[in-house]
Structures are given as C-alpha cells and as structure tokens.
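# What the coordinates show
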Amino acid sequence: MDDLSPNETAPPNEEEFTRWYLDRMDTFHAKVAAEKCGGEIRRAFHTKTIAGARATFTPAENRPPELRVGIGAADGSLDAYIRFSSGQCFARPDHVPDTRGIAVKLLGVAGDPLPGTPSGVQDLLAISNDLHSIRDGQQFANMSLLAPSFFASSFQVWKYTGLSGGLRIGAGFLKIAREGRKSLPSSAYFGMAPISFGDVPAKICFVPLSVGRTKHVRPGKDALSKNLLRHLLAGPLEWELRVQLFIDDATTPVEDLTVCWDRAASPFLPLGTLRLHQVASAEDFAANAQAVEGLAFSPWNGLACHRPLGSVQRIRRWAYKQSAERRGASACPI
Ligand code: HEM
C-alpha cells in the first residue's frame, strides 16, 4: 500500500486489515446516515460542525532552525480555514461529553505536495484531549466502529485491547467526560499521531493564548458554538502552534501512541501563531460554518515534507478519502 519511512514498521496484515476496515466503515457510514442523520451523508466521524472560522497563521520570528521546513519555512503569513467539531459520528447536544476537534487548512503553502494532494494546502488536525489510550491504527479503527453506542464500546473494547488496554481506554473516557464542557477558546488541541518535519518525526499541539485558564460552558444544545461566537464578536482569538521533535524509538516512538513523548526530553517548540479573525455578526459566523461543511480536511492533504507517520496515520489516509468522496467534499475551497 504505502512505502514506509525509516521510523515506521507495519504489521504483516496491514493491507488486508485496511481493506476490511474501509468496507466496514462504508456500511457503518451509510447506516449512521440513515438512522441518525436524516439520510444525509455527512462526515463519517467528527460529524457535528460546531463552528467555522477564517484565520491567519504567522510563523514565529524566533522559531528554531530545525522547524524551518514546510510551513515553518513560510516567509510570511498564510490564510486558513478552521473547522471545530465534536468527535461523535452524529450530532449531539454540546453538553454531552465528547472530544472536540480542530481542523486547520492553511492555504498558499509552498513546497511539493504528497502524491494525490492538490498543491498549496496543508491541513493540521488535532483534538481537545491529550489522550494516550489507543495504541495503533487497528485498535483505533476497531474502536471507531463502536462509536455510536457507549455501552457497546464499554463491553466490546476488551476484545480489541486486552485487560490493560481496556483500562487505559476507560481512563481516556473518564478524562473526556471530565473535560467534556471545556470552552473551545480555552482548550489546547493535540495532533496525537506524528507527522514529519523534513526527515524528523514530530507531534503538534495548539496552545490557547487568548483564554489562558480552562473555562467550561453552561449546558445547552449549541453552547460551545454560542460561546465561541461571543468571543469572536469581541475580538480575534489566538493559539500558539507548537512542535515536539522525535529523539529515539524508545522515548518518542512513532508506532505506539500510548507512549506520551517525554516533554522534559523533547519540549514543545514554538512554530507560530494561529489567529482566528473577529466576526462582524452572527450571520458572518454562520457563513463561516457553512463554508467549512463541504471542505475535506485530512492529515494527508499537505506537503511531502509533512508526511503523516505511523499506523494510525496510514489507515487515516484511506478512511478520510473514502468519507470525503462519499459526501462529495473537496480538499480546496472553491
Ligand atoms: C484509525 C484512526 C482514525 C480514523 C479511521 C479516523 C477517521 C476519520 C474520518 C473518516 C473522518 C471524517 C473525514 C471527512 O469526511 O472529511 C474524521 C474526521 C476527523 N478526525 Fe479522525 N480518524 C482517526 C484518528 C484520528 C486522530 C488520531 C485524530 C486526532 C487528531 C483525529 C481527528 C479528527 C478530526 C479533528 C476530524 C474532523 C476533520 C474535519 O473537521 O473535517 N482522527 N476522522
């Protein structure tokens, strides 16, 4: 399927498993659309759009030399589209605990694209919980098909993970439940799975600069969206994009996401600032959400020097493509 980079290793059944999963995901996608989305094919996961925004990414003057590759080599600011989502495969009220996603589409990016990717685009995807519960692509994929039912997930998780893995995933659920109503502007977002910075594997995160302390929103169907609107009517919001670099296979493994990369050994380094633009009205805010609905975000929409790494990323390559094709989404804004 894919050529592996030097830090990757694939299980012997990976190709066969990926085919099986894509087939299952297709059936799952159609079933969830029919039963939970009024027959409309939307994203297979992260289905609810909480908000969209326009933004600018500006590389930091003081970014270290090892990050001056790809988007880190940009000599000026880049325009971006942003989508905030909830992780579940159908829309639920915002007070139901869930992991929240941020998807960033940087435009006007210079460099060779990954094969099959339009040029000039770099997508960055991250979620609002720093989770290390799921080990690899096959665990992630198996778990994803249990997503619609909390009870199914709780009872079946063991068969994919064993006892210690099940306990780890249970702890991950508790963390999500605890952090469930964190406001979007006060949340940090973590890329979880590695991408490349040139020849070096790396992980990304977005750290909030405008709202430092974690704030929670009141219960409500669209509470997260309304809270973000209030912030964006008052002014722009900023996050610092940070990058953590690979050291060695033991400290910073590419294939095992249960190992939290040691932040003392490899601290997150500043790459630049993502600034969400202020909006003039609730109508403008709604139009931004509409604009990102038909966009396709994927870690594989990007530059060859930011190639995604590891089994989770390898299976995501085909899963995002299939989901985007089913709903007729495009990697570039029209
Ligand atoms: C085997 C692992 C995974 C699979 C199979 C998977 C699958 C998917 C699919 C099919 C979509 C919808 C794509 C579309 O229709 O455009 C999606 C969306 C998303 N996923 Fe994953 N995913 C996986 C792991 C992850 C991980 C590790 C993260 C952490 C950053 C993540 C974050 C997101 C986000 C933020 C979105 C929303 C993107 C958007 O706004 O369009 N996923 N995922």
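Reference entry: report on the structure contained in this document. As the structure is a prediction and not an experimental result, all values here were calculated from the model.

## Description of the coordination of the iron atom of the ligand
The protein gives the iron atom of the ligand a lone donor atom, Tyr-320 (OH), placed 2.0 Å from the metal. You can see Tyr-320 is positioned in helix α6 (residues 311-326).

## Section: the environment of Gln-88
Of note, Gln-88 is situated in the loop between β2 (78-86) and β3 (100-107). What makes Gln-88 buried here is its relative accessible area of 8%. Measuring from C-alpha to C-alpha, the distance between Gln-88 and Ala-147 comes to 6.7 Å, with 59 residues separating the pair along the chain. Those residues in contact with Gln-88 that sit more than four places away from it in its chain are Phe-45, His-46, Thr-47, Asp-98, Ala-147 and Pro-148.

## Some details on the packing of helix α1 (residues 14-36) against helix α2 (residues 137-144)
Remark: α1 packs on α2, axes separated minimally by 10 Å, with the N-to-C direction vectors making an angle of 20 degrees. Considering the angle they form, α1 stands roughly parallel to α2. The handedness of the crossing between α1 and α2 is left-handed. The residues of α2 that touch α1, namely those facing Glu-14, Phe-17, Trp-20, Tyr-21 and Phe-28, are Gln-138, Ala-141, Asn-142 and Ser-144. Looking at the contact of α1 with α2 residue by residue, the classes come out as five nonpolar, three polar and one charged.

## A word on the environment of Asp-26
Looking at the element boundaries, Asp-26 is found in helix α1. Take Asp-26: its relative accessible area is 25%, and that puts it in the partly exposed class. Placed 28 residues apart in sequence, Asp-26 and Arg-54 show a C-alpha to C-alpha distance of 31 Å. In this structure Asp-26 touches Gln-322 and Arg-326, once residues within four positions along its chain are discounted.

## Comments concerning the side chain of Thr-99
With respect to the secondary-structure elements, Thr-99 resides in the loop between β2 and β3. Here the side chain of Thr-99 touches Asn-129 through a polar contact of 2.9 Å, side chain to side chain. Residues contacting Thr-99, with those up to four places away along its chain left out, are Ser-85, Ser-86, Gly-87, Ile-127, Ser-128, Asn-129 and Ile-176.

## Notes on the packing of aromatic side chains
Scanning the model with the defined rule gives six aromatic pairs in all. Taken together, a centroid distance of 6.4 Å and an interplanar angle of 5 degrees make the contact between Phe-17 and Tyr-21 stacked. Of this pair, Phe-17 and Tyr-21 both sit in helix α1, separated by four residues, roughly a single helical turn. Take Tyr-21: its relative accessible area is 4%, and that puts it in the buried class. Lying over the aromatic face of Phe-90, Lys-36 brings its terminal NZ or CZ to 4.6 Å of the ring centre.

## Things to note about the side chain of Asn-301
Tracing the backbone through its elements, the reader meets Asn-301 in the loop between α5 (282-293) and α6. Within the structure, the side chain of Asn-301 is placed 3.1 Å from the backbone oxygen of Ala-296, a separation counted as a polar contact. Residues within four places of Asn-301 in sequence aside, it is in contact with Lys-105, Thr-117, Val-121, Gln-122, Asp-123, Ala-296 and Ala-331.

## Here's the deal with the nonpolar core
Within the largest apolar cluster, 44 residues are counted, with the highest numbers of intra-cluster contacts made by Ile-82, Phe-84, Phe-206 and Leu-276. With residues near it in sequence (within four places) discarded, Phe-84 still touches Lys-48, Thr-49, Ile-50, Ala-51, Gly-101, Ile-102, Leu-184, Tyr-189, Leu-228, Trp-239 and Leu-276. Phe-17, Leu-22, Phe-28 and Phe-90 belong to the second largest nonpolar core, which has 14 residues in total.

## As for the site of the ligand
Near the ligand lie 28 residues; those nearest to it are Arg-43, Arg-83, Tyr-320, Ser-323 and Arg-327. At 2.7 Å from a nitrogen atom of the ligand is found a side-chain nitrogen or oxygen belonging to Tyr-320. In the environment of the ligand, an oxygen atom lies 2.6 Å from a nitrogen or oxygen atom belonging to the side chain of Arg-327. Broken down by secondary-structure element, the contributors of at least two residues to the shell around the ligand are α1, β2, β3, β4 (121-127), α2 and α6. Among the elements that take part in the shell around the ligand, α6 stands out by supplying seven residues, more than any other. The residue makeup of the shell around the ligand, split by class, is 18 nonpolar, six polar and four charged.

## Thoughts on the packing of α1 against α6
Where α1 meets α6, the axes come as close as 10 Å, and the angle between the chain directions of the two elements is 35 degrees. Crossing of α1 over α6 shows right-handed handedness. Between α1 and α6, the contacting residues are Glu-14, Phe-17, Thr-18, Tyr-21, Leu-22, Met-25, Asp-26 and His-29 on the first element and Ser-311, Arg-314, Ile-315, Trp-318, Ala-319, Gln-322, Ser-323 and Arg-326 on the second. When grouped by side-chain class, the residues that make up the contact of α1 with α6 number seven nonpolar, five polar and four charged.

## Observations concerning the pairing of β2
Across the nine residues that make up β2, a large majority, eight, are buried. Pairing of strand β1 (residues 48-59) with β2, which is carried by nine bridges, proceeds in the antiparallel orientation. By the bridge assignment, Thr-56 is partnered in β2 with Asp-79.

Rules used throughout
- Residues numbered from 1 in each chain as written.
- Predicted model: local features only at pLDDT ≥ 70, side-chain atom pairs only at ≥ 80, totals over all residues.
- Heavy atoms only, no water.
- Donors = N, O, S within 2.8 Å, 3.2 Å for Na, K, Ca; no water.
- Helix = DSSP H or I, 4+ residues; strand = E, 2+ residues; numbered from the N terminus.
- Buried < 20%, exposed > 50% of the residue type's maximum accessible area, 1.4 Å probe, protein only.
- Contact = heavy atoms within 4.5 Å.
- Axes fitted to C-alpha atoms, helices over the stretch in contact; angles between N-to-C directions.
- Parallel < 35°, antiparallel > 145°, perpendicular 65-115°, else oblique.
- Left-handed = near helix turned anticlockwise from the far one by under 90°.
- Nonpolar A, V, L, I, M, F, W, Y, C, P; charged D, E, K, R; others polar.
- Polar contact = N/O pair within 3.5 Å; in protein donor to acceptor, adjacent residues only side chain to side chain.
- Phe/Tyr/Trp six-rings, centres within 6.5 Å; stacked < 30°, edge-to-face > 60°.
- Lys NZ or Arg CZ within 6 Å of the ring centre and 35° of its normal.
- Core = buried A, V, L, I, M, F, W, Y, C linked by side-chain atoms within 4.5 Å.
- Near = heavy atom within 4 Å.
- Pairing = 2+ DSSP bridges.

In short, shape yes, function no, at least from these values alone.
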